[in-house]
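Each chain is listed here by its residues.
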Amino acid sequence: MVPALTFLTPTLQVVQKRPRLTGVIALLSVALLAGGGVYGVAFYQWRAAQKAYKADRMPEARSDLEFCLRIWPRSIPVHLLAARTARLSSDLADAEAHLNRCLQLQKGASKDVQLEFLLLRVQRGEVDEVAAQLFLYVEDKHPDALLILETIARAYLINHRYSPALACLDRWSAEDPSAAQPHYWRGWIMERIRDYDEALQDYQKAVELDPAYVPARLRLAELLLEKSNPPEALPHLELLRKQHPERADVMARLGQCRYMEGQTEEARQLMEAAAVEMPNDAPLLVSLGKLEHQDGRDAAAERWLRHALDVDPFDLEARYTLVSCLESLGRREEAAAARDVWKKNKDELEHANRLLKDIADHPSNDPEQAYEAGAALLRIGQEPLGLFWLYEALKRNSSHQPTHRLLVDHYTKKGEPEKAVAHRRRLVEPR
């Protein structure tokens, strides 16, 4: 406490000579110390908010900024960061309120405020309207160039527009070769367009660049399991289990890996524990069903498999295993009906794959080709890939009526009226 009171030494000497001033000076001293303490805390919170923002801990950053704004309600930098953290938390109304406050305080828009308004418009779905302006910031090497590229790429991903998303991610990687996230997102896209070998390479690159990037390592392991390669998946899963023993998804995938290796007891323990927290994870449910069927517990297997089919009615592995379970239980009519559904879904999948192969073997600008592939994929529950090809059809012909009509139906059934309306407007005879 001595250093904090050093500045009061002359004052104390005056108090000794003029005791009548004691009360007044005491009050002033307390106020000064209190004010200094509050501002000191505010500076600390401001630094903490910046650190939390950089670490992608938005709730923490917003809490720190809320305190700062109580002390500095007219601070443009604080309002600007509050707007950004609100936007990144999907609280777009709060973000806009902070930006409007910036406009009032500085009586106009600075370049940084203009940028944040543009990024806000991207998150509201206006990426096409503002992308060209935002890329000018990137060309000018703006300090937030990487954030701009991330925001645009995320918007394209949300709207299943994979081609422009890939271009944006490639630019992001070129601007920052050390960044793991663009490779992770690129791998995600490659899976949606069924280029699994390329997806594996991207996930491996993401893990190489950032060994602590849990989503990338976990997805790499999952994809290796899907390709029936447990030996390569196991080291990744064991490392994740060691680092995050509490994570149910890690337990689930390690259990699936052990099951594929024939370690059934360990597999059962891991998967059953994970299923408590992940009751609707289709791959986990299917693995549990197969394990129970293998052990002759067909009634239990049926429960797991039917639950898996409730989650994903087009899971061919779950449906085929269910057929075997029903046959083992002596319920032949049910088994035959389940086999018919399996065959129908299998035929639909093969039809969709033929359409995709035709696109690969005979590329064209025909929107009908892309539309047929997209429609077939939607019928078998492959929504992301189906939407990709439907939007590819619109890229080839922005007025393609069957595509707009199908998207109206799709988004209406999904309860996304705003997206449905956007396509209904493009119909020659709106329905």
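Owing to the predicted nature of the structure, the values given are computational and were not obtained by experimental measurement.

## Quick word on the overall build of the chain
Okay, so step 1: For the chain, the helix and strand inventory stands at 24 helices and zero strands.
Okay, so step 2: A compact globule built from 431 residues should have a C-alpha radius of gyration of about 22 Å, whereas the chain, at 29 Å, is more than 25% larger.
Okay, so step 3: Overall, the C-alpha framework of the chain stretches about 105 × 60 × 40 Å when taken along its three principal axes.
Okay, so step 4: Across the 431 residues in the chain, those meeting the buried criterion constitute 44%.
Okay, so step 5: Look at the contacts in the chain between residues 6 or more apart in sequence, and 49% of them connect residues 24 or more apart.

## A short note on the environment of glutamate 208
Okay, so step 1: Structurally, glutamate 208 can be placed in helix 12 (residues 196-209).
Okay, so step 2: Glutamate 208 gets classed as exposed once you look at its relative accessible area, which sits at 56%.
Okay, so step 3: In this structure the C-alpha to C-alpha distance between glutamate 208 and alanine 180, which are 28 residues apart in sequence, comes to 8.1 Å.

## Re the pattern of salt bridges
Okay, so step 1: The final tally for this structure, using the stated rule, is 46 salt bridges.
Okay, so step 2: Glutamate 150 is paired through a salt bridge with arginine 154; the nearest N and O atoms lie 2.9 Å apart. Taken together, the residues glutamate 150 and arginine 154, both in helix 9 (residues 145-158) and four residues apart, mark about one turn of the helix.
Okay, so step 3: Arginine 154 gets classed as partly exposed once you look at its relative accessible area, which sits at 35%.
Okay, so step 4: Several salt bridges share partner residues, and in doing so they unite Glu191, Arg219, Glu222, Glu226, Arg253 and Asp281 into one network.

## Digging into the nonpolar core
Okay, so step 1: Leu134, Ile148, Ile189, Leu237, Leu284 and Trp389 are the most contacted members of the largest nonpolar core, which has 102 residues in total.
Okay, so step 2: Every residue in contact with leucine 237, bar those within four places of it in the chain, is listed here: Leu218, Ala221, Leu225, Val250, Arg253, Leu254 and Cys257.
Okay, so step 3: Listed in part, the 13 residues of the second largest apolar core include Val286, Ala301, Ala308 and Ala338.

## Points about the side chain of arginine 268
Okay, so step 1: Note on placement: arginine 268 falls in helix 16 (residues 264-277).
Okay, so step 2: When neighbours within four sequence positions are excluded, arginine 268 is seen to be in contact with Leu291, Glu292, Asp295 and Arg297.

## Comments concerning the environment of leucine 105
Okay, so step 1: Along the chain, the position of leucine 105 falls in helix 6 (residues 92-106).
Okay, so step 2: It is 7.1 Å that separates the C-alpha atoms of leucine 105 and isoleucine 76, two residues lying 29 residues apart in sequence.
Okay, so step 3: Residue contacts for leucine 105: discarding those within four places in its chain leaves Pro73, Arg74, Ser75, Ile76 and His79.

## Considerations on the packing of aromatic side chains
Okay, so step 1: Scanning the entire structure with this criterion turns up eight aromatic pairs.
Okay, so step 2: A centroid spacing of 5.1 Å and a plane angle of 55° characterise the contact between tyrosine 320 and tryptophan 342, whose relative ring orientation is tilted. Placement of the pair is tyrosine 320 in helix 19 (residues 316-328) and tryptophan 342 in helix 20 (residues 332-361), with a sequence separation of 22 residues.
Okay, so step 3: Pairing phenylalanine 388 with tryptophan 389 gives two aromatic rings, centres 4.9 Å apart and planes at 75°, and the pair type is edge-to-face.
Okay, so step 4: When its relative accessible area of 13% is taken as the criterion, tryptophan 389 is described as buried.
Okay, so step 5: Aromatic rings pair up to connect Tyr162, Trp188, Phe388 and Trp389 into one cluster.

## Some details on the side chain of histidine 183
Okay, so step 1: By the secondary structure assignment, histidine 183 is in helix 11 (residues 181-192).
Okay, so step 2: Of the residues examined, histidine 183 reaches a relative accessible area of 14% and is grouped as buried.

## Observations concerning the confidence of the model for the chain
Okay, so step 1: Per-residue confidence for the chain gives a mean pLDDT of 87; residues scoring 70 or more make up 90%.
Okay, so step 2: Put simply, helix 1 (residues 2-5) is where the chain has its lowest mean pLDDT, 34, and helix 15 (residues 248-260) is where it has its highest, 97.
Okay, so step 3: The low-confidence segment residues 1-35, where pLDDT is below 50, has nine contacts with residues more than four positions distant or belonging to other chains.

## Brief notes about the packing of helix 21 (residues 367-379) against helix 22 (residues 383-396)
Okay, so step 1: Helix 22 packs onto helix 21 with a crossing angle of 160° between their chain directions and a minimal axis gap of 7 Å. The angle between the axes of helix 21 and helix 22 places the two elements in the roughly antiparallel class. For the element pair helix 21 and helix 22, the recorded crossing hand is left-handed. Note on element contacts: helix 22 touches helix 21 through Glu383, Leu385, Gly386, Trp389, Leu390, Glu392, Ala393 and Arg396, opposite Pro367, Gln369, Ala370, Tyr371, Ala373, Gly374, Ala375, Leu377 and Leu378.
Okay, so step 2: Residue composition of the contact of helix 21 with helix 22, grouped by class: 11 nonpolar, three polar and three charged.

## As for helix 5 (residues 76-88)
Okay, so step 1: Given a rise of 1.5 Å per residue, 13 residues ought to cover 18 Å, and the 18 Å separating the end C-alpha atoms of helix 5 matches this to within 8%.
Okay, so step 2: Within helix 5, 10 of the 13 residues are buried, which leaves it mostly tucked inside the rest of the structure.
Okay, so step 3: Looking only at helix 5, the buried set comprises Val78, His79, Leu80, Leu81, Ala82, Ala83, Arg84, Thr85, Ala86 and Arg87.
Okay, so step 4: In this structure serine 75 caps helix 5, since a side-chain oxygen of it lies 3.3 Å from the backbone nitrogen of valine 78.

About the thresholds
- Residues numbered from 1 in each chain as written.
- Predicted model: local features only at pLDDT ≥ 70, side-chain atom pairs only at ≥ 80, totals over all residues.
- Heavy atoms only, no water.
- Helix = DSSP H or I, 4+ residues; strand = E, 2+ residues; numbered from the N terminus.
- Rg over C-alpha atoms; globule rule 2.2 N^0.38 Å.
- Buried < 20%, exposed > 50% of the residue type's maximum accessible area, 1.4 Å probe, protein only.
- Contact = heavy atoms within 4.5 Å.
- Salt bridge = Lys/Arg side-chain N within 4 Å of Asp/Glu carboxyl O.
- Core = buried A, V, L, I, M, F, W, Y, C linked by side-chain atoms within 4.5 Å.
- Phe/Tyr/Trp six-rings, centres within 6.5 Å; stacked < 30°, edge-to-face > 60°.
- pLDDT = per-residue confidence, 0-100.
- Axes fitted to C-alpha atoms, helices over the stretch in contact; angles between N-to-C directions.
- Parallel < 35°, antiparallel > 145°, perpendicular 65-115°, else oblique.
- Left-handed = near helix turned anticlockwise from the far one by under 90°.
- Nonpolar A, V, L, I, M, F, W, Y, C, P; charged D, E, K, R; others polar.
- Expected span 1.5 Å × (residues − 1).
- Polar contact = N/O pair within 3.5 Å; in protein donor to acceptor, adjacent residues only side chain to side chain.

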